[in-house]
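# Geometric and topological summary
Residues per chain, in single letters:
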Amino acid sequence: MVDTIEQGQVAILDAGSQYGKLIDRRVRELNALSQILPITTTAKQLLEAGYKAIIISGGPANLSANTSPSCQMEVDSDSDKDHQQQQANTNSQTPINSTDHNNGGITINQTPSPGTVASSNSDLAANNNNNCPLSYDPNILQCGLPVLGICYGFHLINKEFHGTIQRKEYREDGQFTIKIDTTSPLFKQMNEEQQALLTHGDSVQDVAVDFKPIALSGSIIAAIANDQRKIYGVQFHPEVDLTTNGKQILKNFLYEIAQLPGDFTMKSREQECIDHIRSTVGPTDKVLVLLSGGVDSTVCAALFRRALKAEQVVAFHIDNGFMRKNESTNVEKSLNQLGLEVKVIRAEHQFLNATTTIQFDPKDPKKKRSTKMLCQVVAPEEKRKIIGDTFIKISQELIAELNLDPDHVFLGQGTLRPDLIESASHLASSSADAIKTHHNDTELVRLLRAKGRVIEPLKDFHKDEVRILGRDLGLPEDIVTRHPFPGPGLAIRVICANEPYAEKDFSETSVLVKVIVSYAASLERQHPLMSRIQSATSEEEQQFLSRVGEQYKITSTLLPIRSVGVQGDCRTYSYVVALSSNQEPTSWHDMARLAKTIPRICHNVNRVCWVFGKQVQYQVNEITPTTLTPQVLSILREADSRAQTILHETKYHSKISQMPVILIPIQFDRDTVLRQPQPSCQYSIVLRTFVTEDFMTGVPVTINDQVPAEVFHKIVDAIMEVPAISRVLYDLTPKPPGTTEWE
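Residues numbered from 1 in each chain as written. Predicted model: local features only at pLDDT ≥ 70, side-chain atom pairs only at ≥ 80, totals over all residues. Heavy atoms only, no water.

## Side note on the overall build of the chain
What counts, and what does not: A run of H or I in DSSP becomes a helix once it reaches four residues, and a run of E becomes a strand once it reaches two; helices and strands are each numbered from the N terminus. We call a residue buried when its accessible area falls under 20% of the maximum for its residue type, exposed when it is over 50%, and partly exposed in between, using a 1.4 Å probe and counting protein chains only. Contacts between residues were defined by any pair of non-hydrogen atoms, one from each residue, lying within 4.5 Å. Surface accessibility in these figures is a Shrake-Rupley result with a 1.4 Å probe; residues are shielded only by whichever protein chains are displayed.
Across its full length, the chain carries 22 helices and 24 strands. Burial statistics for the chain: of 743 residues in total, 60% are counted as buried. Within the chain, contacts between residues separated by at least 24 positions form 77% of all contacts whose residues are at least 6 apart in sequence. When the accessible surface of the chain is summed, it comes to about 29400 Å², and 47% of that surface belongs to carbon and sulfur atoms.

## Structural notes on the nonpolar core
Side chains of a nonpolar character, in soluble globular proteins, are inclined to be buried together. Here is the rule: Side-chain atoms within 4.5 Å link the members of a nonpolar core, which is a set of buried Ala, Val, Leu, Ile, Met, Phe, Trp, Tyr and Cys residues. As annotated, the domain borders come from an automatic or database domain assignment.
Judged by nonpolar contacts, the single largest core of 96 residues is most densely connected at Leu579, Leu594 and Ile598. Mapping this core onto the domain boundaries places at least three of its residues in each of domain 2 (266–481) and domain 3 (505–731).

## Considerations on the pattern of salt bridges
As a reminder of what qualifies: Salt bridge, as used here: a side-chain nitrogen of Lys or Arg that lies within 4 Å of a carboxyl oxygen of Asp or Glu.
In this structure the tally under the stated criterion is 36 salt bridges. Residue Arg471 is joined to Glu477 by a salt bridge in which the shortest nitrogen-to-oxygen separation is 2.8 Å. Classification of Glu477 by relative accessible area gives partly exposed; the value is 41%. Arg727 is the salt-bridge partner of Asp669, the closest N and O atoms lying 3.0 Å from each other. Here Asp669, found in the loop between strand 22 (661–664) and strand 23 (683–687), pairs with Arg727, found in strand 24 (residues 725–731); they are 58 residues apart in sequence, far enough to count as distant. Residue Asp669 is classed as partly exposed on the basis of its relative accessible area, which comes to 29%. By sharing partners, the salt bridges in this structure join Arg25, Arg26, Glu29, Asp241, Lys247, Arg269, Asp464 and Glu465 into a single network.

## Let's talk about the UniProt feature "binding site: ATP" (unreviewed entry) in the chain
Going by this rule: UniProt positions are given in the numbering used here, feature names are shortened, and annotations may be inferred rather than shown by experiment.
Annotation from UniProt places "binding site: ATP" (unreviewed entry) at Ser292, Gly293, Gly294, Val295, Asp296, Ser297 and Thr298. Note that Gly294 resides in the loop between strand 12 (286–290) and helix 8 (295–307). Within the secondary structure layout, Val295 lies in helix 8. Excluding residues that lie within four positions of it along the chain, Val295 makes contacts with Lys463, Val466, Arg467, Ile479 and Val480.

## Things to note about the sheet that holds strand 20 (residues 570–580)
Within a sheet, each strand pairs with its neighbour through backbone hydrogen bonds, oriented either parallel or antiparallel. Formally: When DSSP locates at least two bridges between a pair of strands, those strands are taken to pair. Lines fitted to C-alpha atoms define the axes here, with helix axes fitted over just the stretch in contact, and angles between the N-to-C directions of these axes take values from 0 to 180 degrees.
The six strands are arranged 19-20-21-24-23-22 in an open sheet whose pairing can be described as mixed. Of all the strands in the sheet, the pair left with one neighbour each is strand 19 (555–567) and strand 22. Sheet twist, expressed as the average angle between the axes of neighbouring strands with direction ignored, equals 35°. Sheet topology note: the strand 20/strand 21 (residues 605–611) ladder contains five bridges and is parallel. Looking at strand 21, one finds that Tyr575 is bridged to Val605. On the sheet, helix 22 (residues 709–720) packs against strand 23 and strand 24 and is oriented at approximately 150° with respect to strand 24.

## Brief notes about the pairing of strand 9 (residues 212–217)
With six of six residues buried, strand 9 is to be regarded as a mostly interior element. Two strands pair when backbone bridges link them, and strand 7 (residues 165–180) and strand 9 are joined in this way by two bridges, in the antiparallel orientation. From the neighbouring strand, Ile180 faces strand 9, where its bridge partner is Ala215. The pairing of strand 9 with strand 10 (residues 220–226) spans five bridges and is antiparallel. Note on strand 10: the bridge partner recorded for Leu216 is Ile221. Where strand 9 folds back on strand 10, the antiparallel hairpin that results is connected by two residues, among which Gly218 adopts a positive phi of roughly 65°.

## Digging into the environment of Ala302
Structurally, Ala302 is set in helix 8. Since its relative accessible area comes to 16%, Ala302 is described here as buried. Considering only alpha carbons, one finds Ala302 and Gly470, 168 residues apart in sequence, at a separation of 8.4 Å. Setting aside anything within four residues of it in sequence, one finds Ala302 in contact with Leu473 and Leu475.

## A closer look at the packing of aromatic side chains
Quick reminder of the rule: Paired rings are identified among Phe, Tyr and Trp, the last through its six-membered ring, by centres lying within 6.5 Å, and are further divided according to the angle between planes into stacked (under 30 degrees), edge-to-face (over 60) and tilted (the rest). Only Lys NZ and Arg CZ are tested; either one counts as a charge over a ring when it is within 6 Å of the ring centre and within 35 degrees of the ring normal.
On inspection of all chains with the given rule, the structure shows ten aromatic pairs. Measuring from centroid to centroid gives 5.2 Å for Phe161 and Phe211, while their planes differ by 45°, and the two rings are tilted. Here Phe211 lies in the loop between strand 8 (193–204) and strand 9 and Phe161 lies in the loop between helix 5 (152–160) and strand 7, a separation of 50 residues in the sequence. Like Phe211, Phe161 is buried. Plain terms: the ring middles of Phe351 and Phe391 are 5.1 Å apart, the flat faces sit at 65° to each other, and that makes the pair edge-to-face. Taken together, the residues span a long stretch of sequence, with Phe351 in helix 10 (residues 348–352) and Phe391 in helix 11 (residues 380–401) at a distance of 40 residues. Across the pair, exposure class does not vary: Phe351 and Phe391 are buried alike. An aromatic cluster of three or more residues is present, and its members are Trp588, Trp610, Phe612, Phe712 and Tyr730. A cation over a ring is seen here: Arg453 above Phe410, with NZ or CZ 4.2 Å from the ring centre.

## Some remarks on the side chain of Ser203
Counted only if it meets this: In the analysis that follows, any N or O atom pair within 3.5 Å is treated as a polar contact, provided that within protein one partner can donate a hydrogen and the other can accept it, and provided that, for residues neighboring in sequence, both atoms belong to side chains.
Along the chain, the position of Ser203 falls in strand 8. Assessed through its relative accessible area of 1%, Ser203 is described here as buried. Of note is the side chain of Ser203, whose polar atom sits 3.4 Å from the side chain of His200. Setting aside chain neighbours within four positions, we find Ser203 in contact with His155, Thr164, Ile165, Gln166, Lys168, Ile220 and Gln235.

Structure (structure tokens):
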């Protein structure tokens, strides 16, 4: 264990959250110095380093059932006694009636479980068992520092003080309306109803002893407080944009509760990056910069050009064969206009036939196997790892071709913080779950990092910060505002499959979704699955389902494919639901709400889409066998080109953050009961419009709000002219539960 830690005012204890760096960013924007520290950091270390407040992040672990948060560590608890006694004299406890809390409109009947009353601090630390998901020092909640627990941190606080956590029948993934106790100092100067981002399957059942609920999401306890101890927990994420007034909540914690001085000021981010580059790259070293043409890599290259001599920067663009129509030509032209002499490497054949080695036993890193060639692979993680490793292999070939000394060459990448977080890099978090492997964080990249040969000046940035930096560097607005395009390109926008995905839960899930979209009729028939829906929804939500079912006459189709999602800080790989009707919805807000409700009930669904055109009549039980072949890529490339062109021509491109176009191996409108002679041979296209600022969370465009339906009809008509296209779908899913990309 490290005895000393970096000093700061606010300690952010990392439990593996996808949003940990966002907490750090928000706190610093509010003029408090924060440091992200491991969850194993002890109370003694925090006190000795002079910290004044603690924030415990969310994370993928769970504390439901019989697990205990107190994986007791060997800490010197006596070292904090003087400080604890001093704080105890200040924060003397007043018992709070936990049977009926009435707090400014937050009323909930709460009956503690028998035998849950804590009699001493040592009792709290004695709950050690082997089922604990994360090891940490329970004294962090007893040392007198104000604490804010977020999501997992909220559960940890509740269970540590003898409340209970339970896995519920329903989930919350997305933006929901919560009701808060406006008299709580945590919610000072806020209205009773707030929009907040929640993503969890576990919920507080019994509130911790001497705590009170201060926010509700429906019937779910969304926040608790012990004002005397200055310990607070929130189920939602105040650090993300989808929690509309989250910054005010953090401000209240920092200044109303922790009473920090607010004397921290951020340095120039541009100068920090330049100083980092100059301190890392020697005068005889060179930097190979991989340029995709997007804002991240372009800003990265501009920083290298500003920090180093021109001859030290070698810029190159690799055309991997997965670029958009005319993309590489346009990238080369625009970058050359910026004064970046870009070397273009054509490598389509090399990528399609590439392989790599991957670990197949999580417990033994030495156990590896070779993959198939990329053009034969269907698993999304294998595709990403092959592509990322091939980028590195080509870079190494370029070093040899240019007769450069590998020991004096750095690989420059425009890696952002979300890339590292979603890839579960130790640079971002020691406890995060891997959502997807980014091409700039594969095993070969990590090996180069370990050797000190990778330089990533933007690794602590989010997308909106990169755009601000790009403007500061004087880059053209069309590059700064360019929609993101992933390094693996169209390769991860083709959903590959050799066979339909239909586990033993497929039939039941298909029926359950049909019951949800026809709720009123199913209720009248007393369908046996009604209890599943009613136990997972509120009375108001059931009324909504009844109205929607009667108004729109929707058909649901469970597709035999999977998409990647992120739920409760964990990666999911789950079914997709397609909704259709003979009449287009009069309110797309209703469809957006339905898309949030279905995964709440069906935990094995993480994405919901609308199918344009007539109602889907036949169940889809088969798929079109699909891999990364030139023919498949050309179909997607043409569909993408037509969609993006119309979006630009109608000038709605600037209204959204990005619009991935995805090819799925689904042919609709085949009567499989009558066994049509020809097998499934067509594909469908999905439009994934997305609105976000932080690119960690976001929502789809609500049709007729940001973009009129006529624009999408025009896009659909254009795509349907592409050969081999069956239908066009519209992704209604927010993030979470669905990731921005489908893979």
